[in-house]
Amino acid sequence: MSIALNNRTETRKNCFVPVESQSDSSFDQTQTVDISRHGIGFISPHPHNINEKIAIGIQLKPNTDPVLVIGIVKWVHRRSDSGQYRIGMIYDESITGPQSRLDRYFK
């Protein structure tokens, strides 16, 4: 596990949303914590590997198509108070929907 210092270059918005996934996946019982135009944070009972690539869909507004991106896990920290993991991920590439949609949403 890696513990990251808070080296963020941009402000993240709080975003407490359960992650939709298959019931036995590594994202089962996972919740988002914060989001920015370049990354997203999660709380999960499942650890993830540093540099793990994960495809995620981000629905920026209700009733719109999600922006699909490939994210890379940059850090994982086990929380001593709950035994869960705090995970930080950055977006590596956009699969559908341009990065400009994320940029506009966070302006």
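Figured I'd write up the structure that's included with this text. Note that the structure is a prediction, hence the values are computed from the model and not measured. (Residues numbered from 1 in each chain as written. Predicted model: local features only at pLDDT ≥ 70, side-chain atom pairs only at ≥ 80, totals over all residues. Heavy atoms only, no water.)

1. So, the pattern of salt bridges
In step 1: Considering all chains together, one arrives at 3 salt bridges under this definition.
In step 2: The salt bridge partner of Lys53 is Asp92, with a shortest N-O separation of 3.7 Å. Separated by 39 residues along the polypeptide, Lys53 in strand S4 (residues 53-58) and Asp92 in strand S6 (residues 85-96) bring together distant segments of the chain.
In step 3: By relative accessible area, Lys53 is classed as exposed at 54%. (Salt bridge = Lys/Arg side-chain N within 4 Å of Asp/Glu carboxyl O. Helix = DSSP H or I, 4+ residues; strand = E, 2+ residues; numbered from the N terminus. Buried < 20%, exposed > 50% of the residue type's maximum accessible area, 1.4 Å probe, protein only.)

2. A short note on the sheet that holds S4
In step 1: The strand order across the open sheet built from 6 strands is S1-S2-S3-S6-S5-S4, with neighbouring strands paired in antiparallel fashion. Across the chains shown, the open sheet's two edge strands, defined by having one partner strand only, are strand S1 (13-14) and S4.
In step 2: By the bridge criterion, 2 bridges tie S1 to strand S2 (residues 31-35) in an arrangement that is antiparallel. For Asn14, the partnering residue across the bridge sits in S2 and is Asp34. (Pairing = 2+ DSSP bridges.)

3. Notes on the nonpolar core
The nonpolar side chains of soluble globular proteins are, as a tendency, buried together.
In step 1: Counting 18 residues, the largest nonpolar core has Ile56 and Tyr91 as the members making the most contacts within it.
In step 2: Filtering out sequence-adjacent residues up to four positions away, Ile56 remains in contact with Ile40, Val67, Leu68, Val69, Met89 and Tyr91. (Core = buried A, V, L, I, M, F, W, Y, C linked by side-chain atoms within 4.5 Å. Contact = heavy atoms within 4.5 Å.)

4. Here's the deal with the side chain of Arg86
In step 1: Inspection of the secondary structure assignment puts Arg86 in strand S6.
In step 2: For Arg86, a relative accessible area of 15% corresponds to the buried category.
In step 3: A distance of 3.0 Å separates polar atoms of two side chains, one belonging to Arg86 and the other to Asp34. (Polar contact = N/O pair within 3.5 Å; in protein donor to acceptor, adjacent residues only side chain to side chain.)

5. Comments concerning the pairing of S2
In step 1: For S2, the buried fraction is high: 4 of the 5 residues fall into the buried class.
In step 2: Sheet analysis places S2 next to strand S3 (residues 39-44), joined by 4 bridges and oriented antiparallel. Along S3, the bridge assignment pairs Asp34 with Gly41.
In step 3: Count of turn residues in the S2/S3 antiparallel hairpin: 3 residues.

6. Digging into the pairing of strand S5 (residues 67-78)
In step 1: Pairing of S4 with S5 involves 6 bridges; the strand directions are antiparallel. Looking at S5, one finds that Ile54 is bridged to Gly71.
In step 2: Summarising the sheet, S5 and S6 pair through 10 bridges and their orientation is antiparallel. Its bridge partner lying in S6, Ile72 is registered against Ile90.
In step 3: Joining the antiparallel neighbours S5 and S6 is a turn of 6 residues, in which Gly83 adopts a positive phi near 75°.

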